[in-house]
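One-letter residues, chain by chain:
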Amino acid sequence: MQTIEYKEFDKIELRVGTILRAEPFEKARKPAYKIWVDLGDEIGVRKSSAQITVHYQPEDLIGRQVVCVCNFMPRQIADFMSEILITGFSDEEGNIILTSVERTVPNGALLH
């Protein structure tokens, strides 16, 4: 494992947000959803493409708080601009389980 200085970690803006909308992303190469996340007043609503179709249905994602990387460069995926990265961990088969918070916190709160 490579080690880093704290100042390097501090550059990554990890924030919590609430999923407002999720729908199948038909044009993605791999099964994915288009997701809209409310990241609070400072950032607003941002979009993401997420390959989380194995464990989640779009309707079950609404209202769920997730941890997002907010300061990556936007990435064009087919006809959709992904502005944030919704984080998660791989299960035994490599399918993503979303990173979430134990209790509800304000949208836009920073991870420390």
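In what follows, the structure referred to is the one given above.
Quantities reported herein were computed from a predicted structural model and do not represent experimental measurements.

Basis of the calculations
- Every chain begins its residue count from 1, and numbering advances along the sequence as written.
- The model is predicted, so local features are restricted to residues of pLDDT at least 70 and side-chain atom pairs to those at 80 or more, both for listing and for counting; the totals for chains, interfaces and linings are taken over all residues.
- Only heavy atoms go into the side-chain values, all of them from the structure, while hydrogens and water stay out.
- To qualify as a helix, a DSSP run of H or I must reach at least 4 residues; to qualify as a strand, a run of E must reach at least 2; elements of each kind are numbered from the N terminus.
- Identification of polar contacts relies on pairs of N or O atoms within 3.5 Å, with a donor-acceptor requirement for protein atoms, meaning one able to donate a hydrogen and the other able to accept it, and with residues adjacent in sequence counted only if both atoms are side-chain atoms.
- Definition of nonpolar core: a set of buried residues of the types Ala, Val, Leu, Ile, Met, Phe, Trp, Tyr and Cys, connected through side-chain atoms within 4.5 Å.
- For the exposure calls, accessible area comes from a 1.4 Å probe over protein chains only, and a residue counts as buried if that area is under 20% of its type's maximum, exposed if over 50%, partly exposed in between.
- Pairs of residues are marked as contacts when any of their non-hydrogen atoms sit within 4.5 Å.
- Stacked, edge-to-face and tilted are the three classes for Phe, Tyr and Trp ring pairs, Trp counted by its six-membered ring, which pair at centre distances within 6.5 Å; planes under 30 degrees apart are stacked, over 60 edge-to-face, the rest tilted.
- Whether a charge sits over a ring comes down to the Lys NZ or Arg CZ being within 6 Å of the ring centre and within 35 degrees of the ring normal.
- Should DSSP find at least two bridges between two strands, the strands are regarded as paired.
- Salt bridges are defined by distance alone: a side-chain nitrogen of Lys or Arg within 4 Å of a carboxyl oxygen of Asp or Glu.

Draft legend 1. Geometry of the side chain of Ser-48. Here Ser-48 shows up in strand S3 (residues 45–50). A polar side-chain atom of Ser-48 sits 3.0 Å from the main-chain carbonyl oxygen of Ile-84.

Draft legend 2. Structural view of the nonpolar core. In terms of nonpolar packing, the biggest core is built from 17 residues, with Ile-35, Val-37, Ile-52, Leu-61, Cys-68 and Ile-86 touching the most fellow members. Mapped onto this core, the elements with two or more residues apiece are strand S1 (14–24), strand S2 (33–38) and strand S4 (65–69). When residues of this core are assigned to their parent elements, the largest contribution, three residues, is made by S2. The residues contacting Ile-35, other than those within four sequence positions of it, are Ile-19, Arg-21, Ala-22, Arg-46, Lys-47, Ser-48, Ala-50, Ile-52, Leu-61, Phe-80 and Ile-86. Membership of the second largest hydrophobic core comes to five residues, among which are Phe-25, Ala-28, Trp-36 and Phe-80.

Draft legend 3. Quick look at the packing of aromatic side chains. Enumeration according to the criterion identifies three aromatic pairs in this entry. Look at Tyr-6 and Phe-9: their rings are 5.9 Å apart centre to centre, the planes differ by 55 degrees, and that puts the pair in the tilted class. Of this pair, Tyr-6 and Phe-9 both sit in helix H1 (residues 6–9), three residues apart, roughly one helical turn. We classify Tyr-6 as exposed; its relative accessible area is 57%. Here the aromatic cluster, defined as three or more aromatic residues joined through ring pairs, consists of Phe-25, Trp-36 and Phe-80. One residue, Arg-21, lies across the ring of Trp-36, its end atom 3.8 Å from the ring centre.

Draft legend 4. Layout of the environment of Ile-97. Within the secondary structure, Ile-97 sits in strand S9 (residues 96–98). Look at Ile-97 and you get partly exposed, because its relative accessible area is 33%. Those residues within four positions of Ile-97 in sequence are excluded, and the remaining contacts are His-55, Tyr-56, Gly-88, Phe-89 and Asp-91.

Draft legend 5. The pairing of S4, seen in detail. Judged by how many residues are buried, S4 sits mostly within the fold: five of five residues are covered. Residues Gln-65, Val-67 and Val-69 point to one face of S4 and Val-66 and Cys-68 to the other, with burial holding for every one of them. Here S4 pairs with strand S7 (residues 85–86) via two bridges, running antiparallel. Looking at S7, one finds that Cys-68 is bridged to Ile-86.

Draft legend 6. Local environment of the pattern of salt bridges. Counted according to the given criterion, the structure contains five salt bridges. For Glu-42, the salt bridge identified is with Arg-15, shortest N-O distance 3.6 Å. Taken together, the residues Glu-42 in helix H2 (residues 40–43) and Arg-15 in strand S1 connect sequence positions 27 residues apart. Residue Glu-42 is classed as exposed on the basis of its relative accessible area of 68%. Put simply, Asp-79 and Lys-27 hold a salt bridge, and the shortest N to O gap is 3.1 Å. One end of the pair, Asp-79, is in the loop between strand S5 (75–77) and strand S6 (80–82); the other, Lys-27, is in the loop between S1 and S2, with 52 residues separating them in the sequence. Residue classification places Asp-79 among the partly exposed residues on the basis of a relative accessible area of 46%.

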